[in-house]
Structure formats: C-alpha cells, structure tokens
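Remarks on the overall topology
Chain residues, written in single-letter form:
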Amino acid sequence: MKSLYLGLICLLLFSTCKSDKSESRLKEIHKEPTVARKIANAHGFENWKNVFEVKFTFQVDRDTIKGKRRSWTWNPKTKNVSMVTETQTVSYTLNAIDSTSIDTDRAFINDKFWLLIPFQLVWNTSTTISEPTKAEAPISKNQLNLITLTYPNKGGYPPGDAYDIFYSDDFIIKEWVFRKGNSEEPTMATTFENYKDYKGIKIATDHKMDGGNWNLNFTEVSITLVGQK
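What this report covers is the structure whose coordinates are included nearby. Quick caveat: nothing in here was measured; it's all calculated off a predicted structure.

**Overview of the packing of aromatic side chains**
Under the definition given, this model contains 19 aromatic pairs. The interplanar angle of 55° and the centroid separation of 6.2 Å between the aromatic rings of Phe-113 and Tyr-151 together place this pair among those described as tilted. With Phe-113 in helix α3 (residues 102-115) and Tyr-151 in the loop between β7 (143-150) and β8 (162-167), this pair connects stretches of sequence that are 38 residues apart. Take Phe-113: its relative accessible area is 8%, and that puts it in the buried class. Accessibility expressed as a relative area gives 11% for Tyr-151, which makes it buried. Ring plane angle 85° and centroid distance 5.2 Å describe the contact between Trp-176 and Phe-192, whose orientation is recorded as edge-to-face. Here Phe-192 lies in the loop between β10 (188-191) and β11 (193-198) and Trp-176 lies in strand β9 (residues 173-179), a separation of 16 residues in the sequence.

**Some remarks on the nonpolar core**
Judged by nonpolar contacts, the single largest core of 45 residues is most densely connected at Trp-48 and Ile-165. Of the residues forming this core, the biggest block, 6 residues, is contributed by strand β13 (residues 214-225). Those residues in contact with Trp-48 that sit more than four places away from it in its chain are Val-54, Trp-74, Pro-76, Leu-116, Phe-119, Trp-123 and Ile-201. Residues Ala-135, Ala-137, Leu-144 and Val-177 belong to the second largest nonpolar core, which totals 6 residues.

**Let's talk about the sheet that holds strand β1 (residues 51-62)**
Reading across from one edge, β4-β3-β2-β1-β13-β12-β11 is the order of the 7 strands in this open sheet, with antiparallel pairing throughout. Of all the strands in the sheet, the pair left with one neighbour each is β4 (89-93) and β11. For this sheet the average axis-to-axis angle between neighbouring strands, irrespective of direction, equals 15°. Pairing of β11 with strand β12 (residues 201-208), which is carried by 5 bridges, proceeds in the antiparallel orientation.

**A closer look at the side chain of Gln-120**
Tracing the backbone through its elements, the reader meets Gln-120 in helix α4 (residues 117-123). The residues contacting Gln-120, other than those within four sequence positions of it, are Lys-112 and Phe-113.

What counts as what
- Residues numbered from 1 in each chain as written.
- Predicted model: local features only at pLDDT ≥ 70, side-chain atom pairs only at ≥ 80, totals over all residues.
- Heavy atoms only, no water.
- Phe/Tyr/Trp six-rings, centres within 6.5 Å; stacked < 30°, edge-to-face > 60°.
- Helix = DSSP H or I, 4+ residues; strand = E, 2+ residues; numbered from the N terminus.
- Buried < 20%, exposed > 50% of the residue type's maximum accessible area, 1.4 Å probe, protein only.
- Core = buried A, V, L, I, M, F, W, Y, C linked by side-chain atoms within 4.5 Å.
- Contact = heavy atoms within 4.5 Å.
- Pairing = 2+ DSSP bridges.
- Axes fitted to C-alpha atoms, helices over the stretch in contact; angles between N-to-C directions.

Shown next, in the form of structure tokens:
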C-alpha cells in the first residue's frame, strides 16, 4: 500500500511538472514580440532566412556631386563578401578577418548597417534598446514613435554610439539620429525614404539630411533567394 501511495505521488508530481513545462512553452510561443522584432518584421525579417545572396552599391552624394561607390556581394550563408570600387576588388570571409581585410570589413559593416538597420535591431544582441515613447522627429517634425539603440562602450566597431530611431505606427522607420559616443548632441540626422521591396524585404534606398543636399543612397540592389541561383 505504501509503495502504491508513493507511486501515485510521483505520478502526480510528474504530471504537474509536465503541465508546468507545457504552460511555459505556450507562454513563450504566444509572447508579445519585442518592439525591435516588430520593426524587423515590418521590414520583412521573416523572409531573411531564405536569402542566398545580397548585392548593393553604397554611395553618398553631396549637392550634384556623385560620391565614391562601393559595390558589395554578400552571401549570408557562407559569410563570403566581395567589394568592388573604382580602384580595388577585395574578397574575404566574415569569420576569417585578418590585417588584409579589416579595413574592408569596417566598410562592409557600416554599409550593411545602413542597408539593414531594421534587422540589426535583432541581430545586435549586445546592444540595449530603450522602451518606446512618442517624440517629434528631427527633420519632418512629425510625432513618431521613438526607441534608442545603444552600443556597449567596449568591443565592436561603434563602441558606445547611440541611434534614436523614429518609426510610424506600422513599425516602418522614417528617420534616425546618430549620436557618436552617446553624446547628448546629435552627430547626424537623416530620413529613411524611397522604400523598395526586394523579395519581401523592404529597404529605404535614400537617406537625406535636412535641406536635401546630402543623400546616402543605395543602387543596384538585388536579393537572390535560396534555390534561385
């Protein structure tokens, strides 16, 4: 009788533990996505897993003067990257950076950051992201939602830098402010405009300063999905 009693207790405890784990799993599945994930999803993050290759050209134009161009080919699966400029061609692998590729990698990290900042909110796990609030956007003066992305003071290429990201109610980024070293004063503010859809991924191809005589832009953008190459 005693062994039967102990057996029933063990069975009850096992069932309770299993039930607790199931409830925990259900809560995890139905947990509200973070603001960062909502912004990423609004820009097509769910399609990123199918991306085989990304090509784009990064350029900054001032007034009527065309800036220097950097054209990139990037395979996120293999981590292979190639850069072509007017004077050089460099190819390297992201997990095998050495003294010959570190400058190219710095350029790639910068250009990719501008191209895919909505996804960087999810990818950069070492950063902190503030709670959302409402604020006046610096260029349009519209009332938008605001979060601040801050990098740690050590490690990586942009240590301690902060980005104030202004987005609409549909979680599309409209403007941002870059603050070097998390300074109180803005270092740069630009728009996010001329969005285009590339295989379900939304990319702002123009980033203009107030006044319109400066434009960081992307051309020759293409995305190839797995199985299409």
